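Structural characterization, general
Spelled out, the chains give:
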Amino acid sequence: MALWERIALIGFTLISKKDDLRRLIVISGLSSEMAWDQISRLRADAVAPLECAIFPIGSMIFSREYVGYLARQTVKSLVEAKMIQTEKLKVVEERVTQGLIEELSLEDRINEEVRVILDAYQDDMRRSGASYMEMFKKVKNELARKYKAVL
Amino acid sequence: MRITRDKLNKLAHVVADTLAETDECDFLEDRNTIRQEARKALEKLLMDEMKIDTAAKLKISTQRKIIIEGSQEWDILYRKYYNDEVKKLGI
C-alpha cells in the first residue's frame, strides 16, 4: 500500500503551513501516536522539509467551550428555579461541565476503539474485500451495546 | 437538536447524578424533579445551538464558490464559522 493510502486510514487532519485550504489533507482513523508515526515517515520520504500539524477530527459534536456554557446555563437555571443551592458555584459548574464532556465524548472514545480494532484486521479485511464503513458500523454497535452507551 | 432524545435524557441524568455526587451542592427538590428541570434547560439551550449550526452552514453556502458539504474545506470553514457564532454568545 502506498504511504498516502496508509495515511488515509488514520484519523487526523494533516496541514502543511504553506498550503492553502484546497490542499488540506483530511484523514480519518487512529491515535495521535500512529498519526505522528506516519507523519515521520512522510517527512523521511519528503524531498523538501515538511512542516505540518495534526488536529483530531473525531472531536465532540459541541466544542468544550460550548459544553462549559451548557453546564453553566443549566446550573444557573436550576439555582434560579430554587431546585439546588450552592456557595461554590464555580466548583459545581466545573463538575457538571466535566460530566457532560465525559458523556458527550463517549462516542469519540468508542470510534477510537473501533478504529484500533479494525486497524488490527485491515489486512484481512482488504483480502476478503470487506467494507471498512460496514465493519465500522457493526463493531461500533457492538461496543455501544457492550458499554451500554447512549449514542 | 443535533442529538437524539435519548442522548438528551442521558445528559439530564448526568447533570442530576453529578450534582448529587457534588458535596458543594445542596438539593432543594428531589433528584427526579431536578433531572426534569435540567432536561428542560438543556433542551432549550440545544435548540438555540441549532441556530449556531444553521448560521455557520448558511455562511458557507453564501460563499462565491460552491463548497460541497462533507469536503475538507467545508469542515474547516464550518468549524471556523461555528466558533465565530459561539463567540457571539460571549463564551
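Preceding this section is the structure that the text describes.
Residues numbered from 1 in each chain as written. Chains lettered and ligands numbered in written order. Predicted model: local features only at pLDDT ≥ 70, side-chain atom pairs only at ≥ 80, totals over all residues. Heavy atoms only, no water.

This part is about the overall build of chain B. Looking only at helices and strands, chain B features 3 helices and 1 strand. Sequence-ordered secondary structure for chain B, helices as α and strands as β, is α-β-α-α. Expressed as a percentage of its 91 residues, the buried residues of chain B come to 38%. In chain B, 52% of the contacts between residues at least 6 apart in sequence involve partners at least 24 apart. (Helix = DSSP H or I, 4+ residues; strand = E, 2+ residues; numbered from the N terminus. Buried < 20%, exposed > 50% of the residue type's maximum accessible area, 1.4 Å probe, protein only. Contact = heavy atoms within 4.5 Å.)

All names here are of chain A. Unusually for a residue other than glycine, K82 sits at a positive phi of about 55°. By secondary structure assignment, the location of K82 is in the loop between α3 (64-80) and β4 (84-86). What makes K82 exposed here is its relative accessible area of 60%. You will see that K148, though not glycine, has its phi angle at about 50°, which is positive. Tracing the backbone through its elements, the reader meets K148 in the segment after α7 (132-146). Relative accessible area serves as the criterion here: at 72%, K148 is assigned to the exposed category.

This part is about the environment of A:G68. By the element assignment, A:G68 lies in helix α3. Between the C-alpha atom of A:G68 and that of A:Q98, which follows or precedes it by 30 residues, the distance is 8.4 Å.

Listed as interface residues are 38 residues of chain B and, on the opposing side, 34 residues of chain A. Taking both partners together, chain B and chain A bury about 3400 Å²; carbon and sulfur atoms supply 73% of that area. Where chain B meets chain A, there are 2 salt bridges. In this structure, the connection of chain B to chain A is made through 9 residue pairs in polar contact (both at pLDDT 80 or more). Elements represented by at least two residues in the side of chain B that touches chain A include exactly α1 (5-21), β1 (25-27), α2 (31-61) and α3 (72-88) of chain B. In terms of residue count, the dominant contributor to the side of chain B that touches chain A is α2(B) (10 residues). Here the residues of the side of chain B that touches chain A are counted per class, giving 21 nonpolar, 5 polar and 12 charged. Bridge count for β4(A) against β1(B) is 3 bridges, and the pairing is antiparallel. Counterpart to A:I84 in the pairing with β1(B) is B:F27. (Buried area = accessible area lost by both parts, 1.4 Å probe. Salt bridge = Lys/Arg side-chain N within 4 Å of Asp/Glu carboxyl O. Polar contact = N/O pair within 3.5 Å; in protein donor to acceptor, adjacent residues only side chain to side chain. Nonpolar A, V, L, I, M, F, W, Y, C, P; charged D, E, K, R; others polar. Pairing = 2+ DSSP bridges.)

What follows is about the side chain of B:D53. Residues and elements named next belong to chain B. Position of D53 among the secondary structure elements: in helix α2. Looking at D53, the relative accessible area reads 7%, which means it is buried. With near-sequence residues (within four places) excluded, D53 lies in contact with R2, Y78 and Y82.

A few words now on α1(B). Between its first and last C-alpha, α1(B) extends 24 Å over 17 residues, near the 24 Å set by a 1.5 Å rise per residue. Looking only at α1(B), the buried set comprises B:K7, B:L8, B:L11, B:A12, B:V14, B:V15, B:A16, B:T18 and B:L19. Tucked into the core, α1(B) has its buried residues touching α3, β4 and α4 (89-104) of chain A together with β1 and α2 of chain B. (Expected span 1.5 Å × (residues − 1).)

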